Amino acid sequence: MNAYYNVYSLFVNESLLGKFYYSSKKCSFSFDKISVRIDTTHRFFRKPKVVITDNISNMVLGHYELTNWTIFNGYRHKLHLHDEIHSFKRHRPDGYSLFGKITWGRYKFTLTNNTEEITYTFQIRYPLFSLGNIGPSLPFEGSIKFNSNNKMALFAGLYLIETALENLSD
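Since this is a predicted model, take the numbers as computed values, not measurements.

(A) Examining the nonpolar core more closely. Core analysis: the largest hydrophobic core is formed by 36 residues, its most contacted members being Phe20, Tyr64 and Tyr159. The greatest single-element share of this core, amounting to 11 residues, is contributed by helix H2 (residues 151-168).

Next up, the structure:
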């Protein structure tokens, strides 16, 4: 397969928790003994239909509700997973300053269902000078804080981060 993938490897105390693979055509993630794919159907003049499916049983586990209004409303996407609705939102990173170079390229997103919250914080090290759309292809590192054992939502949230980063670099 000759596809370019962004690969996330998530670790907890030096132990691999799971992996997330993303490209413009395919997306999947795996953890424990669970393997999931994210299927996207692009529709003419409509938002894409994005479904989360178990790779082994082909059972639908959930879907994404994406919005086209990211400029005015921020990233108000939703994740429907096992009859729970999780809201996704972009926040200003901690200590943000427009004039402070140290905060440039830092991002913070949350995924919450009002009882559980997952906070993704990371930094992309952009080159001093760049030409074109390079954001999604740069490596980055960060941390994830969460107050539940819902690994499915943890990994599914990475897809929403990828869509947000693509919108930032358009």
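(B) Layout of the confidence of the model for the chain. For the chain, per-residue confidence averages 79 on the pLDDT scale, and 75% of positions sit at 70 or higher. Taken element by element, the predicted model of the chain shows its lowest mean pLDDT in helix H1 (residues 70-73) (50) and its highest in strand S3 (residues 27-31) (93).

(C) Just the side chain of Asn150, in detail. Turning to its location among the elements, Asn150 is positioned in the loop between strand S11 (140-146) and H2. For Asn150, a relative accessible area of 18% puts it in the buried group. Among the polar contacts listed, one links the side chain of Asn150 to the backbone nitrogen of Ala153, at a separation of 3.1 Å. Excluding residues that lie within four positions of it along the chain, Asn150 makes contacts with Glu84, His86 and Glu116.

(D) Fine view of unusual backbone geometry. Of note, Asn13 is a non-glycine position whose phi angle comes to about 50°, a positive value. Position of Asn13 among the secondary structure elements: in the loop between strand S1 (6-12) and strand S2 (15-22). Its relative accessible area of 74% is what places Asn13 among the exposed residues. The residue Glu14 is not glycine, and still its phi comes out positive at about 70°. Looking at where Glu14 falls in the secondary structure, it is placed in the loop between S1 and S2.

(E) The packing of aromatic side chains, seen in detail. For the structure on display, the rule yields 10 aromatic pairs. Between the aromatic rings of Tyr8 and Phe20, the centroid separation amounts to 5.2 Å while the plane-to-plane angle is 75°, which identifies the pairing as edge-to-face. One end of the pair, Tyr8, is in strand S1; the other, Phe20, is in strand S2, with 12 residues separating them in the sequence. Here Phe20 falls in the buried class, since its relative accessible area comes to 0%. Judged by centre distance (5.7 Å) and plane angle (10°), the rings of Phe29 and Phe155 are stacked. Taken as a pair, Phe29 in strand S3 and Phe155 in helix H2 lie far apart in primary sequence, 126 residues in all. Taken as a pair, Phe29 and Phe155 share a single burial class, namely buried. An aromatic cluster of at least three residues, connected via ring pairs, comprises Tyr8, Phe20, Phe29, Phe31 and Phe155.

(F) Spotlight on the pattern of salt bridges. One pass over the full model with this rule turns up 2 salt bridges. Across the pair Asp39 and Arg37 runs a salt bridge whose closest N-O atoms are separated by 3.1 Å. We classify Asp39 as partly exposed; its relative accessible area is 29%. The class for Arg37 is partly exposed, based on a relative accessible area of 24%.

(G) Quick look at the pairing of S3. Residues Cys27, Phe29 and Phe31 of S3 are buried on one face, while the alternating residues Ser28 and Ser30, pointing to the opposite face, are not. In this structure, S2 lies alongside S3, joined through 5 bridges in antiparallel fashion. Bridged to Lys19 within S3 is Ser30. Taking the residues that link successive antiparallel strands as the turn, the S2-S3 hairpin has 4 residues. Strand direction decides the pairing type here: S3 and strand S4 (residues 34-41), joined by 4 bridges, are antiparallel. Paired with Phe29 across the two strands is Val36, which belongs to S4.

About the criteria used
- Residues numbered from 1 in each chain as written.
- Predicted model: local features only at pLDDT ≥ 70, side-chain atom pairs only at ≥ 80, totals over all residues.
- Heavy atoms only, no water.
- Core = buried A, V, L, I, M, F, W, Y, C linked by side-chain atoms within 4.5 Å.
- Buried < 20%, exposed > 50% of the residue type's maximum accessible area, 1.4 Å probe, protein only.
- Helix = DSSP H or I, 4+ residues; strand = E, 2+ residues; numbered from the N terminus.
- pLDDT = per-residue confidence, 0-100.
- Polar contact = N/O pair within 3.5 Å; in protein donor to acceptor, adjacent residues only side chain to side chain.
- Contact = heavy atoms within 4.5 Å.
- Phe/Tyr/Trp six-rings, centres within 6.5 Å; stacked < 30°, edge-to-face > 60°.
- Salt bridge = Lys/Arg side-chain N within 4 Å of Asp/Glu carboxyl O.
- Pairing = 2+ DSSP bridges.

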